[in-house]
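Each chain, letter by letter, is given below.
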Amino acid sequence: MLTPTIKPGLEGVVAAETRLSHVDGQVGELIIGGYPLETLAPNVTFEAAVYLLWHDALPDSAALAEFRQALAARRELPPATLALLREAAARKVTAMDALRMAAASLSLNTATTGDPRQDALTAVASFPTIVAAFWRLRQGQEPIAPNPALGHAANYLAMLTGQRPSEAQARGLETYLNTVIDHGLNASTFTARVIISTQSDMISAVVGALGALKGPLHGGAPGPALDMVFEIGQLEQAEAYLRDKLERGERLMGFGHRIYKVRDPRAEVLAAAAEQFYHADGNMALYRLAQGVERAAVRLLAEYKPGRNLQTNVEFYTALLLHGLGLPGELFTPTFAIGRVGGWTAHCFEQQQTGRLIRPAAAYIGERNRRLLN
Ligand code: ACO
């Protein structure tokens with residue numbers, strides 16, 4: 001009998017063809033729908049980026065207006081979803097759990113028909129409303145109704161704060177959402193593809209993906225990266241603080257990546273967006289401190305872990321940018337989901353086109369021929 005080759009964690013296994021994104025960890029390249037990330041993310045709206053993934057082409061202005069309108073028309077939540085969010089807020093569940101539970105209830109939306117395109121629109125359109133409504137309820141405030149006149153990103157910020165965001169704020173968030181919209185066959189995207197491959201429905205696929213994203217090994221915790229910068233407080237303290245952590249064998253949050261062996265290109269784009277944003281906001285002190293911490297961390301990681309190529313990952317500048325936009329740490333992962341749902345739904349369409357059930361095998365290592373006692 002042939003011994004099967006086992007790939008724990010499916011590392012290196014190519015399980016799908018995709019036109020959606022390409023990750024090259026050796027040279028630090030990320031292509032989204034044919035465009036280098038750094039060209040696409042800061043320059044298009046989030047709606048255009050979703051359209052690109054769904055249609056394999058950027059929309060012209062008429063198509064974009066129609067797509068924006070279709071999404072804006074689906075932002076309202078079903079009453080039962082709002083009731084569920086009230087209950088979740090009263091019980092102080094985490095924002096990510098609230099999003100997962102509420103996303104499942106989107107099947108109650110009258111626009112959710114079981115048609116994958118309609119359901120994908122509902123999911124993308126509703127995520128910001130869910131997160132913002134939940135967060136306000138958790139703070140003892142009433143949810144703010146979505147404003148169809150605002151773009152996807154600006155409306156999310158408006159529903160959170162009650163104020164119309166500045167152009168710089170909306171652009172900063174839009175760049176973030178575009179940056180995380182897709183990233184190869186990551187764990188949550190794979191989960192969505194597995195679910196849809198059984199001919200299940202789109203809402204089930206995004207709910208499963210949310211469950212996968214929630215785990216700290218995936219959706220990550222950009223919060224701790226920011227905590228580290230705050231704890232350092234002043235650049236002169238950075239070296240001693242970081243050295244102390246490394247001496248104790250601790251990991252520096254926001255550095256290192258399984259795939260990227262050079263600086264994560266998403267860190268590049270988010271650092272530029274954060275710089276622009278903090279500059280526009282007139283508060284460069286935190287940004288400069290973070291830059292200094294980054295330089296010290298990369299230098300010390302090379303000293304303590306030579307040959308490991310530990311570089312800045314996406315989390316470091318995610319934290320800085322989202323903090324600058326006024327988002328609390330608990331909303332960092334749900335906000336990641338607001339961007340990534342564009343990629344999940346696009347992968348589901350791709351997977352549906354293959355019509356192939358995803359069903360790997362396992363090598364049995366258990367007992368054989370056990371006998372029942374009587
Ligand atoms: N700080 C200090 N040392 C590190 C770090 C770090 N951030 N990252 C890796 N190392 C060290 C490990 O201790 C190990 O050292 P050793 O060989 O002496 O034991 C070596 O580098 C290799 O580490 P692995 O865990 O094998 O690397 P892996 O590729 O599995 O890790 C990971 C990737 C989990 C992201 C890791 O770099 C890490 O824990 N980083 C900090 C947490 C973080 O920033 N997570 C967000 C990642 S981005 C995302 O997932 C969206």
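Rules behind the numbers
- Residues numbered from 1 in each chain as written.
- Predicted model: local features only at pLDDT ≥ 70, side-chain atom pairs only at ≥ 80, totals over all residues.
- Heavy atoms only, no water.
- Pairing = 2+ DSSP bridges.
- Helix = DSSP H or I, 4+ residues; strand = E, 2+ residues; numbered from the N terminus.
- Near = heavy atom within 4 Å.
- Polar contact = N/O pair within 3.5 Å; in protein donor to acceptor, adjacent residues only side chain to side chain.
- Areas by Shrake-Rupley, 256 points an atom, 1.4 Å probe, with all protein chains shown as cover.
- Nonpolar A, V, L, I, M, F, W, Y, C, P; charged D, E, K, R; others polar.
- Phe/Tyr/Trp six-rings, centres within 6.5 Å; stacked < 30°, edge-to-face > 60°.
- Buried < 20%, exposed > 50% of the residue type's maximum accessible area, 1.4 Å probe, protein only.
- Core = buried A, V, L, I, M, F, W, Y, C linked by side-chain atoms within 4.5 Å.
- Domains from an automatic or database assignment.
- Contact = heavy atoms within 4.5 Å.
- Buried area = accessible area lost by both parts, 1.4 Å probe.

### Describing the sheet that holds strand β1 (residues 21–24)
Item 1. If you trace the 3 strands from one edge of the open sheet to the other, you get β1-β2-β3, paired in antiparallel fashion. Each end of this open sheet is capped by a strand with a single partner; those strands are β1 and β3 (35–36).
Item 2. Two strands pair when backbone bridges link them, and β1 and strand β2 (residues 29–32) are joined in this way by 4 bridges, in the antiparallel orientation. What sits directly across from Ser21, in β2, is Ile32.

### Focus: the site of the ligand
Item 1. Near the ligand there are 18 residues, and of these Leu252, Gly254, Phe255, Arg308 and Asn313 occur at the shortest range.
Item 2. Between a nitrogen atom of the ligand and a main-chain N or O atom of Leu252, the distance comes to 2.7 Å.
Item 3. Phe255 is positioned such that a nitrogen or oxygen atom in its backbone is 2.8 Å from a nitrogen atom of the ligand.
Item 4. Isolated, the ligand exposes 930 Å² of accessible area, and the fraction of that covered by the protein chains is 70%.
Item 5. A class-by-class count of the residues in the shell around the ligand yields 7 nonpolar, 5 polar and 6 charged.

### What about the packing of aromatic side chains?
Item 1. Tallied over the full model, the rule gives 8 aromatic pairs.
Item 2. Look at Trp54 and Phe67: their rings are 5.4 Å apart centre to centre, the planes differ by 85°, and that puts the pair in the edge-to-face class. Within this pair, whereas Trp54 is found in helix α2 (residues 46–55), its partner Phe67 is found in helix α3 (residues 61–72), the two being separated by 13 residues in sequence.
Item 3. The exposure class assigned to Trp54 is buried, which follows from its relative accessible area of 8%.
Item 4. Between Phe316 and Tyr317, the aromatic rings sit 5.1 Å apart at their centres with planes inclined by 85°, giving edge-to-face as the arrangement.

### Examining the nonpolar core
Item 1. Formed by 113 residues in total, the largest nonpolar core has its most connected members in Trp54, Phe127 and Trp344.
Item 2. At 13 residues, the largest contribution of residues to this core is made by helix α6 (residues 116–138).
Item 3. The residues that make up this core include at least three from each of domain 1 (29–219 + 330–354) and domain 2 (223–324).
Item 4. Not counting the four nearest positions on each side in its chain, Phe127 is found in contact with Leu99, Ala103, Val206, Leu210, Ala337, Ile338, Val341 and Trp344.

### Examining unusual backbone geometry
Item 1. Here Asp56, not a glycine, exhibits a phi torsion of approximately 60°, which is positive.
Item 2. Positionally, Asp56 belongs in the loop between α2 and α3.
Item 3. Under the relative-accessibility criterion, Asp56 is labelled partly exposed at 43%.
Item 4. A positive phi angle is found at Asn369, which is not glycine, with a value near 60°.
Item 5. Looking at where Asn369 falls in the secondary structure, it is placed in the segment after α16 (332–354).
Item 6. Asn369 sits in the exposed class, given a relative accessible area of 72%.

### As for the pairing of β2
Item 1. Across the two faces of β2 the burial differs, with Leu30 and Ile32 buried and Glu29 and Ile31 not buried at all.
Item 2. The pairing of β2 with β3 spans 2 bridges and is classified as antiparallel. Bridge assignment links Ile31 to a residue of β3, and that residue is Pro36.
Item 3. Counting the residues between successive antiparallel strands, the hairpin from β2 to β3 contains 2 residues, one of them, Gly33, with a positive phi of roughly 50°.

### Details of the domain arrangement of the protein chain
Item 1. Entries for the protein chain in the domain assignment read domain 1 (29–219 + 330–354) and domain 2 (223–324).
Item 2. Between the C-alpha centres of domain 1 and domain 2 the distance comes to 27 Å.
Item 3. If you look at the interface, domain 1 gives 18 residues, while domain 2 gives 17 residues.
Item 4. Both sides together, the interface formed by domain 1 and domain 2 hides about 1,400 Å², and carbon and sulfur atoms give 78% of it.
Item 5. Among the residues domain 1 hides against domain 2, the three largest losses belong to Tyr176, His183 and Phe332. Together they make up 40% of the total.

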